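# Reading the structure
Listed below are the residues making up each chain.
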Amino acid sequence: MDVDFAHKKFNSIKNEFASLHLEATEADTRFQIIDRIFKEVLGWDNCDFRLELHTTSGYADYVLTDNGVNKFVVEAKRASHPLVDTKKPCVSYYTAGGSTLKSAIDGLQQAQSYCLQTGVTFSLLTNGFQWIGFWAIREHGIPPFDGKAVVFPSLSSVAEDFSIFYDLFSKEGIRGQLFKTHINEAEGFKITSSDQLESVTSPDSIKLLKRSTLASDIEVIFTKFFSDISGKDNAEMLAECFVESKESHEAEVGLEKIARNIINDIGVVDSTDGYELQEQIRSSVERSSGDFVLIIGNKGAGKSTFIDRFFRLVISGELKSKCLVVRIDLADSDGDESSVNKWLSSRLAERLENEMFGTNAPSYNELQGVFWDEYDKWRRGEFATLYDTNKTEFKIKFGEFLHNLRTEDQYTYVLKLLSRAVRANKQLPCIIFDNTDHYPKTFQEKVFQHAQSINRAVLSFIICPITDTTVWQLSKSGPFQSYHYHSFYLPVPQSKDILQKRVAYLRRKVDEEGKKDKKDYTLNKGLRLQVDDIKGFVACIEEVFVNTEYVSRTISWLSNHDIRRGLLIAERIITSPIISMESIIKTWINGEHLVIPEMRIRQALLYGNYTMFRQDHSEYILNLFSISPRNVTSPLIKPSIIRLLLDVKNSAGSGEEEYLSVARICDYFDSCGLGLSTLSEHISDLLNYRLIEPYDPTDSEIYSEQRLRVTHSGQLHYEFMNHGFIYLQNMSLVTPIRNIMLVDELRQLMDNKKMSRLDWDRLKKKFVSYLLEEDCKFISIPKLEHYSGQRLLREELRSNWVENV
């Protein structure tokens, strides 16, 4: 919930509370005040409440949960019960066991006992008007009643400092344990950095590279080329360039996860001719019963393309004629769960009318045919007299009925259209609900329930492309627990194979279209060039992006095998001024083997259009060593998190075991001296750049039960750190450093001369030494086998960049 919106909501209902009589019972206080604030203002849902929970200490008024895990205890008192023994009107921090909170001591002790019994550390004591946040279970030897409690003495004080109130008691704030930050600051443990952070190269000094006229012109064509090659608006390309690939390791992980948790036998789609899906449709037609099919695959597996290609190019003509294919793209939905059923019925009605009656709206006679059963009942039943005496008025009245149905009950209207297709046209409705898994689980459940209701009501063949993760989630609690369905797994193709097919497709198209786009250019040393067919030249990038193993693997891993992101990365490389377009053109003209030095490719990937790496202009590369000036800590936290998740991944016995919860990550690093607030900031960076990924792809929040695993991009960044000469060179120049003397030393090393390889080695040696020294100041690695991976990370850095230089 947005904080400003919550604040407005609080203010709008605060006046209602003023009329509550002070003699109201505890139940009145809870019902009229506390419940409303938690649900309407602080973002807690009904399912989060455990009321009157029995413990050995008594019955806890509220235990609030998050994903079924106890998070927060609330002890409620009647409105007339005073809790604060001070007239100070604003939010304040008082010693929990002090005289100011003498009237609250019994309630705080009660709350503490419930915390102890429920495994919760933070509690709230309130009478509806006064609110006291109490850190009931403390660590590091601090007695809870010697610590500070956060006190809001009135609702006016809540309104005045609402942001603090929201941090402390909202679902979002409890997830982030923000109460620790506020109470720590009140107790004098405010974590701020007074150190100045400065990079060797300031962002202002990193400039855009100049382009030649040739490079600028060709960039436009390359950009268009990569737009074409992605096939986003080219159904023909997507269908013809669909890759029939074997299962990669990632696909096997997904398949294993589904097999373990849901399905005993999963049909692996033969992507050459889609035999299994074709036979499923044929069987549905022959036995006159519907089916519900899931096409399961990781993101980028080509699920939508497979289905489109199947119905357009693969399915036999005889069988295709018996199918009425309707595709509903949920990406066009506004994502509103409350109206999704209405939206689906409206879109289905529109698509079915187009397929059955053409682009024009169905005529009266056509609709009469669709609703013949109703028409016949009217003329034989209650409206028989009207039919016999005034057929025109009868038809008008029936037309009004049809209009109301089309506008007010589109679901029934859709079912009638589908029944007409089956009974009169002898067609099997094949309805595809695409891109459903772009939305949260609750939204997906409504879509699948809607699809299942159609499938049960009318003979139909429902197809839903869906990710393996989504299947697992919905099988645990959702429509897949109750409904019968068939599943086919679609493996993820290799990015190299996809590029190879699409480049070949473009070459063929270029040959078909003939020569065009002629223009003269003058290259270095007076060499003149007429590019008769620039697309033909562009197709030569196959040598770079397909046949160069390093490049194809880097693009695949950095994009996490997402073909669209991979093509954008390829475009970033080839259009970078770092790549000399004129040199490539010369090589092409002379018929020589087109090779771009690996160092140039690495630089182009990092620099883009600039003279050096800039984090604010890089969507795919992350500086692993950056820290925030607001929270100075070890510069090796991001690599440490990646290393931990790599260790988990490498020792996992199954795909599901590759994930580790945020709580477990925090527990692991707690022994190293790192807290949740510090880790959360770096986890957020890793998630934003997709170096790690959540189990639920739609879940962008960070909370204790959130499960994470390292991605291929994370593994590649770890390689960059240990073996990427260009990567480490750039990070040593742009990473904010808090040792200003080192910054001056590195700047002096770079001044007034061209850097040799030895100079760069010295620079990286000094930078990595700084990283390791800073790390020792903030992190203490336990001497346990459990932490051997963390020690290895630091040993490898030292060995690769300090000792062997």
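The preceding data block contains the structure.
All figures in this text were calculated on a predicted structure; none of them were measured in a lab.

Moving on to the pattern of salt bridges. Across all of its chains, the model carries 33 salt bridges by this definition. Measuring nitrogen to oxygen at the nearest pair gives 3.2 Å for the salt bridge that ties E350 to R351. Through salt bridges that share partners, K649, E658, E693 and R709 make up one connected network.

Once that is clear, we can look at the packing of aromatic side chains. Within the structure shown, the criterion is met by 37 aromatic pairs. Arranged with centres 5.5 Å apart and planes meeting at 85°, the rings of W135 and F179 form a pair that is edge-to-face. You can see W135 sitting in strand β6 (residues 131-135) and its partner F179 sitting in helix α7 (residues 178-186), a full 44 residues away along the chain. Judged by its relative accessible area of 7%, W135 falls in the buried class. Ring centres of Y439 and F443 lie 4.3 Å apart, and the angle between their planes is 35°; on these two criteria the pair is classed as tilted. For Y439, a relative accessible area of 12% gives the class buried. We classify F443 as buried; its relative accessible area is 0%. One cation-aromatic arrangement involves R175 over Y703; the distance from NZ or CZ to the ring centre is 4.1 Å. One residue, R614, lies across the ring of Y610, its end atom 5.2 Å from the ring centre.

In this section: helix α32 (residues 712-723). In this model α32 runs 16 Å from its N-terminal to its C-terminal C-alpha over 12 residues, within 8% of the 16 Å that 1.5 Å per residue would give. In terms of burial, α32 is a largely internal element, 10 of the 12 residues being buried. Listed as buried for α32 are H712, S713, G714, Q715, L716, H717, Y718, F720, M721 and N722. Capping the start of α32 is the job of one residue whose side-chain oxygen sits 3.3 Å from the backbone nitrogen of S713: T711.

The rules we used
Residues numbered from 1 in each chain as written. Predicted model: local features only at pLDDT ≥ 70, side-chain atom pairs only at ≥ 80, totals over all residues. Heavy atoms only, no water. Salt bridge = Lys/Arg side-chain N within 4 Å of Asp/Glu carboxyl O. Phe/Tyr/Trp six-rings, centres within 6.5 Å; stacked < 30°, edge-to-face > 60°. Helix = DSSP H or I, 4+ residues; strand = E, 2+ residues; numbered from the N terminus. Buried < 20%, exposed > 50% of the residue type's maximum accessible area, 1.4 Å probe, protein only. Lys NZ or Arg CZ within 6 Å of the ring centre and 35° of its normal. Expected span 1.5 Å × (residues − 1). Polar contact = N/O pair within 3.5 Å; in protein donor to acceptor, adjacent residues only side chain to side chain.

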